[in-house]
Every structure is written in structure tokens, then in C-alpha cells.
Amino acid sequence: MIDTSTQERVLRRIDDREVVAFTQEMVRLESQNGNEGPIARWLADRLAQMGMEVRLTDVHRGRLNVVGVLPGREAGIGLLFHGHTDTVPFLNMENPLSGEIVDGCIWGRGACDQKGGLAASIMAVQAVVRAGIPLRKGLTVAAVVDEESEHRGSYALVEQGIRADGAIVTEPSGLRLVLACKGTVPIRITFRGKVAHGATPWLGVNAIEKAAKAVLALGELPLRAVDLPGLGTMRGSINVGLIKGGTAYNNVAHECSVFLDRRMVPGETQATCLAEIRQLLDRLAAEDPHLRAALEVDRPDWEWEPIKRRGLNPAVTPPDAAVAQALMQAHRAVVGEPVELGYTNGYMDMDFLVNDLGIPTANYGPGDLALAHSDHERLDIGELLTATRVYALAALEMCL
Ligand SMILES: [Zn+2]
């Protein structure tokens, strides 16, 4: 544990008004998925001004990952802050770029998911720099693109082989310490039938009827639950979210596609989930020879093959990992109470860090996940400031 005078020295360097203004500025920089270039260049400048070594990587058509490193005396990175610069589309949000403060919250698209977390981590690094405390190991901020769609940003970090002793994913967790996430397999099942006139349906095969049968059977699939020590019981799930089929009310539908979201628990993989559904479809086909279905990994916004092959997997970090311990201590020091521990039902890029890069990774961040992607997205300023302090202390713990 780092002595309290060093901690105080760093915490005194956090200027609350500056943290808020920095976050507002980020919210005002439009960066809907696909347009991460401008915010990346802006961040690169800010990180360089702070004295970080900055690397910009063009991940895909001007969409830039930013990696800033504050080197330590020894080789290697003690802590990596991970955040994404892209946001979901504005949708029906009013004034999505306002960044204005109402009732103690910063409003705007991306305020919660997740410019607040990214801003807090950068302000934490700045406090460490300003306090003039020489680090033993390096401190890194990685701001990546495309978390909201094909995950090309984190995929690129893996290709670069980035290394660190521990990582913090700065996605909103409501200041809970989240040490596991589920995986997700987006699946498309296409049912094929045979066209006929609606007046003589017995001459055709109705693909919508076959799909309906399968959708009901999918609801009956037994799903696995696993106990994660210290974190709770995690359960898999299936949601049929989109269905497309048929040509007219008075035609027999020759095709129907069902898109579903299969959420995975540790121990399951994309391959095991596909096999399970294939088995179910084969059983239905054995009972009904007219039921013909093809199965593939697909979702409407994906066209990039590597992510379809790789999949988005569940990830777990044990509570005794150094980065988890550092966050527990830091949270207690700042908030005065132990941090709440758990997992998320959602998916997070911690998958890439844990499973591909072998970096123990925790998620801790400001913001209420229920507000992410919503038309009333906002970020509680109190949480933003707490996260900044917790990040700063965790950085000392991992890098001194
Ligand atoms: Zn996010």
C-alpha cells in the first residue's frame, strides 16, 4: 500500500473544475461509431501535452486508436487504462452534443458510455504527472475505436501485442468493481420454405411457421449457470430480437430470418453455442422434414469477417489479481467504504485484454449503465470525480 502522503500529493493535483470541463469538451466532440478520427487527434494532442509518448494507429479508414505511455524507470507497463472513443448514434436524443450540466450531471451522447471514464483516467494520469512522482513502471492510456460495433480497436491492440501487469476498463459500472463479463454470439437462422398463393397454402411451405416453431423451442433450451467465487452466479441467456420474413400477407413465405443474441457464461464458446442450436434445429427437422434451417454468426451491423470468426467471449479476472486489489484499496481510501464486487450481464472489451493478451483486467467506471445508449444519457459529476481519484490511487499502487 502506498503511503498516504504520496496519495495526498497526487489527489491534491486533481482540479475538479478541470475534470468536468475536460469531460464536457469530449462530449462536444462528435464521435459516433465510424467517426473516431477527430476525437482521437484531439486526445493525442492532450496526452502529448501532458508528457506522454503517443502513438496513433489507423485501425480502419481514418479511425484512429490512441495509445499514450508515461514511461517508468523500469521496462514494462504497470497499469493500462482502456476506454473507447466511439459512441452509439444520436438516435432520438435532444442536443446530443450539448455537454451541459443539469442537476449535477453532464448531458450528452457518450457522457456515460464512456467519455466520462476515459476522461477520468486521463485526468488521473495528469495528476500523477503534476505531482512529479517518478514511476517505477509505465502508465498507459489506450483509447480505442469501434467498441460499439465490430471491436476493431481492441482487435488492433491485440495485433500490436500490448502488454501490462493489469488493466482497468473504464466503461460505466456505477463505481462497482466488475471482474467478469458475459460473451455474446449474434446468430442468424434462416428458414427456407416454398412459395405458394395464400389461397392455397397447402401447396407451399411457410418459412414463418417453421421459424415460429424454432423460436418457441429456443425458449425451452436449458441454459447454463456458473458460480464465480466472490462475484455471484452468472446465467446464460437467449433473446430473439429481430425477425424478417415473407413478401406479402397473401403469399406463403419462402424465407424467414431470425436474429438472436446468445449470451455466454465462462466455459461456453461461440462454437459450443452454435452446436447446441444446430442440434435443436436437427431435432426439429427430424420431426418435420419441411423444416430447413441454416445457421451462421451474423448481426445487421457486422460485415468484418475476423470478428465473426473470433467471436466475443466471456472473461473473468480473479478477485486476488493485483489490479482488482489496487482498485479495492483505492476505492476504500477515496469513498471510505468497501467497493461492491460483481459481474456484468453485458459484454466488454476486457475479453480481448484477458483472453488474448493475458492481462488481468477489472472494470470500474463512473456512470449508470442503464443510461448508456438512452435518450437521456448523462453522467453524474460526483461519480466522475470519485473515479478520477480512485484511478489515480490505483495507478500509484500498480506503477510505484
Ligand atoms: Zn461502452
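Residues numbered from 1 in each chain as written. Predicted model: local features only at pLDDT ≥ 70, side-chain atom pairs only at ≥ 80, totals over all residues. Heavy atoms only, no water.

1. Topic: the packing of helix α4 (residues 111–131) against helix α11 (residues 381–399)
Here is step 1: As a packed pair, α4 and α11 sit with axes 8 Å apart at the nearest point and diverge in direction by 50°. It follows from the interaxial angle that α4 and α11 lie oblique. Two packed elements cross with a definite hand, and for α4 against α11 that hand is right-handed. Taking contact as the criterion, the partners of G116, G117, A120, S121, M123, A124 and V128 in α4 are, on α11, L384, A387, T388, Y391, A392 and L396.
Here is step 2: Class assignment of the residues belonging to the contact of α4 with α11 gives a composition of 9 nonpolar, 4 polar and no charged. (Axes fitted to C-alpha atoms, helices over the stretch in contact; angles between N-to-C directions. Helix = DSSP H or I, 4+ residues; strand = E, 2+ residues; numbered from the N terminus. Parallel < 35°, antiparallel > 145°, perpendicular 65-115°, else oblique. Left-handed = near helix turned anticlockwise from the far one by under 90°. Contact = heavy atoms within 4.5 Å. Nonpolar A, V, L, I, M, F, W, Y, C, P; charged D, E, K, R; others polar.)

2. Topic: the side chain of R63
Here is step 1: When you line up the elements, R63 lands in strand β2 (residues 63–70).
Here is step 2: Residue R63 is classed as buried on the basis of its relative accessible area, which comes to 9%.
Here is step 3: A polar side-chain atom of R63 sits 2.8 Å from a polar atom in the side chain of E36.
Here is step 4: Beyond its immediate chain neighbours, meaning those up to four positions away, R63 contacts N33, G34, E36, T57, D58, V145 and D146. (Buried < 20%, exposed > 50% of the residue type's maximum accessible area, 1.4 Å probe, protein only. Polar contact = N/O pair within 3.5 Å; in protein donor to acceptor, adjacent residues only side chain to side chain.)

3. A closer look at the environment of S257
Here is step 1: Of note, S257 is situated in strand β13 (residues 255–264).
Here is step 2: For the pair S257 and I101, spaced 156 residues apart in sequence, the C-alpha to C-alpha distance is 44 Å.
Here is step 3: Among all residues touching S257, those that are not within four sequence positions of it are R188, I189, T190, L242, I243 and K244.
Here is step 4: A distance of 3.4 Å separates a polar atom in the side chain of S257 from a polar atom in the side chain of T190.

4. What about the coordination of the zinc ion?
Here is step 1: Note on the zinc ion: its protein donors are H84 (NE2), D113 (OD), E171 (OE) and E171 (OE). The metal-donor distances range over 1.9 to 2.7 Å.
Here is step 2: Each of the 4 donor atoms bound to the zinc ion contributes to angles spanning 52 to 151°, and the resulting shape is irregular.
Here is step 3: Sequence spacing among the residues donating to the zinc ion works out to H-x28-D-x57-E. Taken together, the residues span a long stretch of sequence, with D113 in helix α4 and E171 in the loop between β7 (167–169) and β8 (177–181) at a distance of 58 residues.
Here is step 4: Note on D113: relative accessible area 6%, which makes it buried.
Here is step 5: The buried category is assigned to E171, whose relative accessible area is 8%. (Donors = N, O, S within 2.8 Å, 3.2 Å for Na, K, Ca; no water. Tetrahedral: all angles 85-135°; square planar, octahedral: opposite > 155°, others 65-115°.)

5. Let's talk about helix α7 (residues 270–287)
Here is step 1: The terminal C-alpha atoms of α7 lie 26 Å apart, and with 18 residues this matches the ideal 26 Å at 1.5 Å per residue to within 8%.
Here is step 2: Of all the residues in α7, the buried ones are Q270, C273, I277, L280, L281 and L284. Burial along α7 is one-sided: seen end-on, the buried residues are contained in an arc of 105°. Facing away from the buried side of α7 by more than 90 degrees, the exposed set consists of A271, Q279 and A286.
Here is step 3: Where α7 is buried, its residues touch β9 (183–192), α6 (207–218), β13, β14 (292–297) and α8 (305–310). (Expected span 1.5 Å × (residues − 1). Arc of directions from axis to C-beta.)

6. Description of the nonpolar core
Here is step 1: Ranked by internal contacts, the top residues of the largest apolar core, which has 72 residues, are L43, L79, F81, I122, L139, I168 and Y364.
Here is step 2: At 13 residues, the largest contribution of residues to this core is made by α11.
Here is step 3: With residues up to four places along the chain from it excluded, the contact list for I122 reads F22, L43, L47, M50 and V141.
Here is step 4: Grouped together as the second largest cluster of nonpolar side chains are 28 residues, I187, I189, A217 and L312 included. (Core = buried A, V, L, I, M, F, W, Y, C linked by side-chain atoms within 4.5 Å.)

7. Points about the pattern of salt bridges
Here is step 1: Tallied over the full model, the rule gives 24 salt bridges.
Here is step 2: Between R63 and D146 there is a salt bridge, with its nearest N and O atoms 3.1 Å apart. Note that R63 is positioned in strand β2 and D146 in the loop between β6 (138–144) and α5 (152–160), a separation of 83 residues in sequence.
Here is step 3: The partner of K308 in a salt bridge is D298, and the shortest N-O contact between them spans 3.9 Å. Taken as a pair, K308 in helix α8 and D298 in the loop between β14 and α8 lie far apart in primary sequence, 10 residues in all. Exposure class is identical for K308 and D298. Each is buried.
Here is step 4: Each of E36, R63, D146, E150 and R152 takes part in one network of salt bridges that share partners. (Salt bridge = Lys/Arg side-chain N within 4 Å of Asp/Glu carboxyl O.)

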